[in-house]
Amino acid sequence: MNALDQYLKPQAEALSLRNKRMEILGSNIANAGTPNYKARDIDFASEYKSVVGQGNLSTTNTKHISMLNTSPPGQTRYRVPISPSLDGNTVELHVEQLQFAQNTTAYEADLQFLSERIRSLRSALRGE
Amino acid sequence: MMKALSIFDISGRAMSAQQVRLNAVASNLANAQTVAGSPEEAYKSMRPIFKANFPSQQMGQGVATVDTDGIYRTTLPPEKKYSPQHPKADEQGYIYAAAVDPQEEMIDMLEASRQYQNNIEVLSTAKSLILKTLNVGK
């Protein structure tokens, strides 16, 4: 079971992170007309690394201290606007739409990879 | 205390907020030609105020939807017209036309409809991704 988890984990984690990013970008687009709203985003690469990339340090001796990955997940950052508007809103629709489209494409790609992994797993099980 | 928000809540509520804005624009344009017998009674444009709503459970996660924080009336003075024959004219023979700027209303309407479209786009993209995810591994 653990091996199966490990096998599917990279794609599964990427999908849930993509989903989270979609909600954040959706919030930005929803608040495009709200005064003083600051657009946010996550840095996908570093978030993903903190979830799967490095993992925890292995302990080969009982005196080793297990070092857990300490960078807290879910760090949102504020987007730096190209041309800030007078009402304090930093949402720029073209930027958000671009990021949203990019995120959607990446989500579909992850989905494709996950499907492929499941398919190859199945064909291995059937032994065809 | 609000429950956790999904993408459907976020975009759905933003669409409702834009709907409120469109209703206000429609009311303003509908009343653009009304007249009154005093400056106080004259119609004044309505504008909704939007406010970001951060659900307490997902604080700091970058998730926020929109609330309509109230509706205010613009302070533009009503237009004073001399028309002594008008049944609503005051003692000096003046009537007061609604303080509505049609150009401003049209711009507001366009912006509301554009933002409504954006939210629909987000929603339909999210929906198609969810449907594709349901079929994964088949």
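Every value quoted in this text rests on a predicted model; they were computed, and no experiment measured them.

**What to know about the pairing of strand E5 (residues 94-97) of chain B**
Residues and elements named next belong to chain B.
Phase 1 of the analysis: Both strand E1 (residues 35-36) and E5 contribute to a ladder of two bridges, which runs antiparallel. Bridge assignment links Ala36 to a residue of E5, and that residue is Tyr96.
Phase 2 of the analysis: One ladder, built from four bridges, connects strand E4 (residues 79-82) with E5; its direction is antiparallel. Its bridge partner being in E5, Tyr82 is matched across the sheet by Tyr94.

**As for the environment of B:Ala97**
Residues and elements named next belong to chain B.
Phase 1 of the analysis: With respect to the element layout, Ala97 can be found in strand E5.
Phase 2 of the analysis: Taking the C-alpha atoms as reference, Ala97 lies 11 Å from Leu76; in sequence the two are 21 residues apart.
Phase 3 of the analysis: In this structure, Ala97 is in contact with Val35, Ala42, Pro78, Glu79 and Lys81, ignoring residues within four places of it in sequence.

**Considering helix H1 (residues 7-30) of chain B**
Phase 1 of the analysis: End to end, H1(B) covers 34 Å across 24 residues, agreeing with the expected 34 Å (1.5 Å per residue, within 8%).
Phase 2 of the analysis: Looking at H1(B), one finds that the buried residues are B:Ile7, B:Ile10, B:Ser11, B:Ala14, B:Ala17, B:Gln18, B:Arg21, B:Ala24, B:Val25 and B:Asn28.
Phase 3 of the analysis: On its buried face, H1(B) sits against helix H1 (2-30) of chain A together with strand E2 (46-53), strand E3 (65-73) and helix H2 (102-134) of chain B.

**Thoughts on the packing of H1(A) against H2(B)**
Phase 1 of the analysis: Viewed as axis vectors pointing N to C, H1(A) and H2(B) meet at an angle of 165 degrees, and their least axial separation amounts to 9 Å. It follows that H1(A) is roughly antiparallel to H2(B) by the angle criterion. Crossing of H1(A) over H2(B) shows left-handed handedness. Facing H1(A), whose interface residues are A:Met22, A:Gly26, A:Ile29 and A:Ala30, H2(B) presents B:Asn118, B:Asn119, B:Val122 and B:Ala126.
Phase 2 of the analysis: The class makeup of the residues in the contact of H1(A) with H2(B) is five nonpolar, three polar and no charged.

**Observations regarding the confidence of the model for chain B**
Phase 1 of the analysis: Per-residue confidence for chain B averages 88 on the pLDDT scale, and 95% of its residues sit at or above 70.
Phase 2 of the analysis: Complex prediction metrics read pTM 0.80 and ipTM 0.78.

**Description of the nonpolar core**
Phase 1 of the analysis: In terms of nonpolar packing, the biggest core is built from 25 residues, with A:Ile29 and B:Ile10 touching the most fellow members.
Phase 2 of the analysis: Of all the secondary structure elements, the ones that give two or more residues to this core are H1 and helix H3 (93-126) of chain A together with H1 and H2 of chain B.
Phase 3 of the analysis: Top element by residues in this core is H1(A). It accounts for five residues.
Phase 4 of the analysis: Of all hydrophobic cores here, the second largest spans six residues; its members include B:Ala42, B:Tyr43, B:Ile95 and B:Ala99.

**Observations regarding the sheet that holds E5(B)**
Phase 1 of the analysis: Pairing in this open sheet of three strands is antiparallel, and the strands run E1-E5-E4 (chain B) from one edge to the other. Among the strands making up the open sheet, the edge pair consists of E1 and E4 of chain B.

**As for the interface of chain A and chain B**
Note on interface size: it is often stated as the accessible area lost on association of the parts.
Phase 1 of the analysis: Opposite the 26 residues of chain A that make contact, chain B presents 26 residues.
Phase 2 of the analysis: Going through the elements one at a time, H1 and H3 of chain A are the ones with two or more residues in the side of chain A that touches chain B.
Phase 3 of the analysis: Top element by residues in the side of chain A that touches chain B is H3(A). It accounts for nine residues.
Phase 4 of the analysis: Considered class by class, the residues forming the side of chain A that touches chain B number 14 nonpolar, nine polar and three charged.

The rules we used
- Residues numbered from 1 in each chain as written.
- Chains lettered and ligands numbered in written order.
- Predicted model: local features only at pLDDT ≥ 70, side-chain atom pairs only at ≥ 80, totals over all residues.
- Pairing = 2+ DSSP bridges.
- Helix = DSSP H or I, 4+ residues; strand = E, 2+ residues; numbered from the N terminus.
- Contact = placed C-beta atoms within 7 Å.
- Expected span 1.5 Å × (residues − 1).
- Buried ≥ 20, exposed ≤ 12 C-beta atoms within 10 Å, placed from the backbone.
- Axes fitted to C-alpha atoms, helices over the stretch in contact; angles between N-to-C directions.
- Parallel < 35°, antiparallel > 145°, perpendicular 65-115°, else oblique.
- Left-handed = near helix turned anticlockwise from the far one by under 90°.
- Nonpolar A, V, L, I, M, F, W, Y, C, P; charged D, E, K, R; others polar.
- pLDDT = per-residue confidence, 0-100.
- Core = buried A, V, L, I, M, F, W, Y, C linked by C-beta atoms within 7 Å.

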